[in-house]
Structure formats: C-alpha cells, structure tokens
Amino acid sequence: NAGVTQTPKFRILKIGQSMTLQCTQDMNHNYMYWYRQDPGMGLKLIYYSVGAGITDKGEVPNGYNVSRSTTEDFPLRLELAAPSQTSVYFCASSFRAEAFFGQGTRLTVV
Amino acid sequence: GQQLNQSPQSMFIQEGEDVSMNCTSSSIFNTWLWYKQDPGEGPVLLIALYKAGELTSNGRLTAQFGITRKDSFLNISASIPSDVGIYFCAGRINAGNNRKLIWGLGTSLAVNP
C-alpha cells in the first residue's frame, strides 16, 4: 500500500528559484491538503482541494500555488523561493475527517 | 489561524509510567483525531473519535471525546521507549463538506528506559 507519496524527500533551493513538490495518493480520496511544519509550530494549512479541478487557500497560501487536474495528484508550486519558506512540507489526503500523510519534503532555501 | 490548546507541551517520563495529555478548544468539535509523529516522518493516525463521550482504545492508547465536545484526552499506559515522539490532536468543527482540521501544537514525549 503506497498511500500518500511525496517527492523529493529533500531539496535545497537558492533564493528566487522555483520548484514543484509532487504529491500523489492511491486511495481515491477526494480531499487533499498541503501543510508546512516549522519547528515547534505544529502544522499550518497552505492549500487544500475537495476534488479534481477545485482548490482553495488555507492559512498560509502566500508564495505558493497548487493545481488538481486528477484525483491522484496535487502538486505544490513555489515560484520565487524565499528563506521564510524553509520548512518541512507534508501532503495529506482524506475521505472523511481522518487525514493520511506522506513522509514529507524537507526544503531549505539559502 | 485557529488552534487547539494542547498540553502539556513536553513530558519526560520513566519507562512503565502512564501518560496523559489533552486538548481543549473554545469551539464545539464533531471529530477529534490523535496523531503521532516520529522524527523525520509524517504524522500517523492513532485514534479517531466521532461522538461526545466516546472512549476508544488502540492497544495501550486510549482516547476520549469530551462530553462538552470542546476537549479530548489521550492516555498511554505502561509507556515503552518506542512511544517517544510528538503527539498531535486535531479537530473538525463542522460536518458536511468541511474536511479542514484544526491542529494542536503537539506534546513531545521522551521516555527514559
């Protein structure tokens, strides 16, 4: 059972570079989420999607973009990386309230 | 953004001791979830609660959905070294199509063998 798969696991970006964090799930869940986790700060919702073609902002959407062209995939795009985006990023999916998480992408912006 | 009050922030206990942690909110929730996060990993669901007063166990873990629907508790009995990690509570306010969760800041648990 793959569940939620995120790639890459680690990445170092220079300020101003862009990148896409990939997320795919094989559980046929309609709901998908992107969170960031900073040390001691818990999880903050960046964007979420209630189904293919539908996305909405979470608490901290600035500097990020998402798309949801299929049920399985929910990529997160950083256009102009900034040091404040150094964090661990988690993708999750759910059918009911219970969210299932990927293993995370540790991103450092230097 | 809205957050849950989770306490304690951290605990350092001896192996074999029981552990209790809780989350409180000013809002009424209809779902409470408890997760554990190991270092370098994503959160893993431990227990899900759907009804006020519900008491659910998962091995040595027991969680309760508070009667007021504004709090939840997690107990770990007879702790072992692999219980080390960060425990998060999460809750959902509305039913229907709302699937967004509100998160606590976590309880960091250390177990001394």
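Residues numbered from 1 in each chain as written. Chains lettered and ligands numbered in written order. Predicted model: local features only at pLDDT ≥ 70, side-chain atom pairs only at ≥ 80, totals over all residues. Heavy atoms only, no water.

**Q** I tried to follow the overall build of chain B on my own but got confused; where do I start?
**A** Along chain B, the regular secondary structure elements total zero helices and eleven strands. The linear arrangement of helices and strands in chain B, starting from the amino end, is β-β-β-β-β-β-β-β-β-β-β. The C-alpha radius of gyration of chain B comes to 14 Å, within 12% of the 13 Å expected for a compact globule of 113 residues. The principal-axis extents of the C-alpha atoms in chain B amount to approximately 45 × 30 × 20 Å. The 113 residues of chain B split such that 44% are buried. Partitioning the intrachain contacts of chain B with sequence separation of at least 6 by distance along the chain shows that 54% fall at a separation of at least 24. If you sum the accessible surface of chain B, you get close to 5300 Å²; carbon and sulfur atoms cover 51% of it. Of the side chains in chain B, 8 bear a positive and 8 a negative charge, and the two mean positions are spaced by 17 Å. (Helix = DSSP H or I, 4+ residues; strand = E, 2+ residues; numbered from the N terminus. Rg over C-alpha atoms; globule rule 2.2 N^0.38 Å. Buried < 20%, exposed > 50% of the residue type's maximum accessible area, 1.4 Å probe, protein only. Contact = heavy atoms within 4.5 Å. Areas by Shrake-Rupley, 256 points an atom, 1.4 Å probe, with all protein chains shown as cover. Lys, Arg positive; Asp, Glu negative; His and termini not counted. Charge placed at Lys NZ, Arg CZ, Asp CG, Glu CD.)

**Q** What exactly am I supposed to notice about the nonpolar core here?
**A** A general trend in soluble globular proteins is that nonpolar side chains are found buried together. Counting residues in each nonpolar core, the largest one holds 22 residues, and the members touching the most others are Trp34, Leu74 and Leu109 of chain B. Among the elements of the structure, strand E2 (10-14), strand E3 (19-24), strand E4 (31-37), strand E5 (44-49), strand E7 (61-65), strand E8 (71-76), strand E9 (85-92) and strand E11 (107-112) of chain B are those that each provide at least two residues to this core. When neighbours within four sequence positions are excluded, leucine 109 of chain B is seen to be in contact with Met11, Ile13, Val19, Ile76, Asp83, Val84, Gly85 and Tyr87 of chain B. If you look at the next biggest cluster of nonpolar residues, it comprises 19 residues, including Val4, Leu13, Phe74 and Leu107 of chain A. (Core = buried A, V, L, I, M, F, W, Y, C linked by side-chain atoms within 4.5 Å.)

**Q** Before we go on, may I ask you to explain the sheet that holds E8 of chain B in this structure?
**A** Working definition: the strands of a sheet are paired by backbone hydrogen bonds and lie parallel or antiparallel to each other. Residues and elements named next belong to chain B. With antiparallel pairing, the five strands of this open sheet are ordered in space as E1-E3-E8-E7-E6. Each edge of the open sheet carries a strand with a single partner, namely strand E1 (5-7) and strand E6 (55-58). When strand polarity is set aside, the average angle formed by the axes of neighbouring strands in this sheet is 15 degrees. The pairing of E1 with E3 spans three bridges and is classified as antiparallel. When the sheet's bridge partners are listed, serine 7 is paired in E3 with asparagine 22. (Pairing = 2+ DSSP bridges. Axes fitted to C-alpha atoms, helices over the stretch in contact; angles between N-to-C directions.)

**Q** Just to check I follow, could you spell out the state of the cysteines for this structure?
**A** Disulfides are covalent bonds that connect the sulfur atoms of two cysteines. Using the criterion set out here, one finds two disulfides over all chains in the structure. Disulfide pairing places cysteine 23 of chain A opposite cysteine 91 of chain A at an S-S distance of 1.8 Å. The sign of the -70 degrees torsion about the S-S bond sets the cysteine 23 of chain A-cysteine 91 of chain A disulfide as left-handed. Taken as a pair, cysteine 23 of chain A in strand E3 (residues 19-25) and cysteine 91 of chain A in strand E9 (residues 87-94) lie far apart in primary sequence, 68 residues in all. Each of the two residues, cysteine 23 of chain A as well as cysteine 91 of chain A, counts as buried. Between cysteine 23 of chain B and cysteine 89 of chain B runs a disulfide, and the two sulfur atoms are separated by 1.7 Å. A torsion of -85 degrees about the S-S bond marks the disulfide between cysteine 23 of chain B and cysteine 89 of chain B as left-handed. Here cysteine 23 of chain B, found in strand E3, pairs with cysteine 89 of chain B, found in strand E9; they are 66 residues apart in sequence, far enough to count as distant. (Disulfide = S-S within 2.5 Å.)

**Q** Quick question: what am I supposed to make of the environment of glycine 85 of chain B here?
**A** Residue and element names in this part refer to chain B. Turning to its location among the elements, glycine 85 is positioned in strand E9. A sequence separation of 23 residues divides glycine 85 from serine 108, and the C-alpha atoms of the two residues are 5.9 Å apart. In this structure, glycine 85 is in contact with Lys36, Gln37, Thr107, Ser108 and Leu109, ignoring residues within four places of it in sequence.

**Q** Looking at this structure, I do not really get unusual backbone geometry. What am I missing?
**A** Negative phi values dominate among residues other than glycine, just as trans dominates among peptide bonds. Here the amide bond leading from threonine 7 of chain A into proline 8 of chain A is cis, since omega sits at -10 degrees, within 30 degrees of zero. Note that proline 8 of chain A resides in the loop between strand E1 (4-7) and strand E2 (10-13). Serine 7 of chain B connects to proline 8 of chain B through a cis peptide bond whose omega is -5 degrees. Along the chain, the position of proline 8 of chain B falls in the loop between E1 and E2. Of note in the backbone geometry, asparagine 28 of chain A takes a positive phi value of approximately 60 degrees without being a glycine. Position of asparagine 28 of chain A relative to the elements: it lies in the loop between E3 and strand E4 (31-37). Judged by relative accessible area, which is 60%, asparagine 28 of chain A ranks as exposed.

**Q** Quick question: what am I supposed to make of the interface of chain B and chain A here?
**A** On the chain A side, the residues contacting the 22 residues of chain B number 20 residues. Applying the counting rule to chain B against chain A returns zero salt bridges. Broken down by element, the residue count for the side of chain B that touches chain A peaks at four residues, all from E4 of chain B. In terms of residue class, the side of chain B that touches chain A is made up of ten nonpolar, eight polar and four charged. (Salt bridge = Lys/Arg side-chain N within 4 Å of Asp/Glu carboxyl O. Nonpolar A, V, L, I, M, F, W, Y, C, P; charged D, E, K, R; others polar.)

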